[in-house]
Amino acid sequence: AQADSLGDNNVAFQVDGGGIIRRKFWVGDDFYVYDDSNTRNAFFVDNSNGNADLYGNLDIRNESVLLEANGNITHVGNYILNGANKTFIVQNGSSSNKFVIDSDNGNTDIQGTLDVNGATSVTNTLNVTGAVTFGNTLSVTNNLVVNSNRFTVTASNGNTSILGTLDVGSTADI
């Protein structure tokens, strides 16, 4: 017989206490596991499509877990990577790393364009190996130094030192 609800006693198999299944267990329809109060599905698997709903936490204690999704994954909450010498990696379809965060030091490698819409603060050295284009004013509050000392502007007084030839293409006031 088929049960219509958790309280339906007209079923072929029912266990009111604990139970152990030591062999394969086949379910030919939807699979429900209810919470202690029998008021909601704590775990549910839809037979028609394999979709599973889990109400609580999923604790997996294994060295690696493969989560493969052919569609979108929507997550509400925080992602926490907790471990020494671990990495958070985003790859493209060819398994090439495109975004990597190292858990030991927070180092981040981005293989692509970083678009920032808002103020950005850098509290340590900024190293740039490619060309730089500024679309607005560059404001420097400390000394400006080009190639060690080839061109310097002292922030406190505006003194400028040039170790090469100064070519002026227009009028110069001295």
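So, a few notes on the structure that sits alongside this text. (Residues numbered from 1 in each chain as written. Predicted model: local features only at pLDDT ≥ 70, side-chain atom pairs only at ≥ 80, totals over all residues. Heavy atoms only, no water.)

## Concerning the overall build of the protein chain
The line we're drawing: Segments assigned H or I by DSSP are reported as helices when at least four residues long, segments assigned E as strands when at least two residues long, and all are numbered from the N terminus. The globule rule used for comparison is 2.2 Å times the number of residues to the exponent 0.38, while the radius of gyration itself is calculated over C-alpha atoms.
Within the protein chain, the regular secondary structure consists of zero helices and nine strands. Listing each helix as α and each strand as β along the protein chain from the N terminus yields β-β-β-β-β-β-β-β-β. The C-alpha radius of gyration of the protein chain comes to 32 Å, more than 25% above the 16 Å expected for a compact globule of 174 residues. By principal-axis analysis of the C-alpha atoms, the protein chain measures approximately 105 × 35 × 30 Å.

## Points about the packing of aromatic side chains
Threshold: In summary, the pairing rule links any two rings of Phe, Tyr or Trp, Trp by its six-membered ring, whose centres are within 6.5 Å, and it sorts them by plane angle into stacked for under 30 degrees, edge-to-face for over 60 and tilted for everything else. Exposure categories follow from relative accessible area, calculated using a 1.4 Å probe and restricted to protein chains: below 20% of the type maximum is buried, above 50% is exposed, and the middle band is partly exposed.
This structure, assessed with the given rule, holds three aromatic pairs. Between F31 and F43 the ring centres are 6.3 Å apart and the planes differ by 75 degrees, which places this aromatic pair in the edge-to-face class. Here F31 is found in strand β1 (residues 31-34), whereas its partner F43 is found in strand β2 (residues 41-45), with 12 residues between them in sequence. Of the residues examined, F31 reaches a relative accessible area of 29% and is grouped as partly exposed. On the numbers, 6.0 Å between centres and 20 degrees between planes, the contact of Y32 with Y34 is stacked. For Y32, a relative accessible area of 40% gives the class partly exposed. On the accessibility criterion, Y34 (28% relative accessible area) is partly exposed. Cluster of aromatic residues (ring-pair linked, three or more members): Y32, Y34 and F44.

## Points about the sheet that holds strand β5 (residues 97-102)
Short version of the rule: Strand pairing follows a simple DSSP-based rule, namely that at least 2 bridges must link the two strands. Interaxial angles span 0 to 180 degrees and are taken between N-to-C directions of axes, which are lines fitted to C-alpha atoms, for helices over the stretch in contact.
Pairing is antiparallel in the open sheet, where three strands are placed in the order β4-β5-β6. Each edge of the open sheet carries a strand with a single partner, namely β4 (87-91) and β6 (108-110). Across this sheet, the average inter-strand angle for adjacent strands is 10 degrees, counted without regard to direction. Two elements, β5 and β6, share three bridges in a ladder whose sense is antiparallel. Counterpart to I101 in the pairing with β6 is T108.

## Looking at the pairing of β4
Sheet topology places β4 next to β5; five bridges connect them, and they run antiparallel. Pairing of V90 across the sheet is with F99, part of β5. Once β4 ends, the chain turns through five residues before running back antiparallel as β5, passing S95 with a positive phi of about 65 degrees.

## Remarks on the sheet that holds strand β8 (residues 151-153)
Spatial ordering of the open sheet is given by β7-β8-β9, a layout of three strands whose pairing is antiparallel. Each edge of the open sheet carries a strand with a single partner, namely β7 (144-146) and β9 (160-162). In this sheet, adjacent strand axes meet at a mean angle of 5 degrees when their direction is disregarded. Alignment of β7 against β8, held across three bridges, turns out to be antiparallel. Note that in β8 the partner of L144 across the bridge is V153.

## Let's talk about the pattern of salt bridges
As a reminder, the rule being used: Any Lys or Arg side-chain nitrogen found within 4 Å of a carboxyl oxygen on Asp or Glu counts as a salt bridge.
Per the counting criterion, the structure on display carries one salt bridge. For D59, the salt bridge identified is with R61, shortest N-O distance 2.8 Å. Residue classification places D59 among the exposed positions, given a relative accessible area of 53%. Using a relative accessible area of 74% as the deciding quantity, one classes R61 as exposed.

## Some words on the environment of N47
So the rule is basically this: We call two residues in contact whenever any of their non-hydrogen atoms come within 4.5 Å of each other.
Positionally, N47 belongs in the loop between β2 and β3 (52-54). Once residues lying within four places of it in the same chain are set aside, the contact partners of N47 are V27, G28, D29 and D30.

Worth remembering: the numbers are spatial, not functional.
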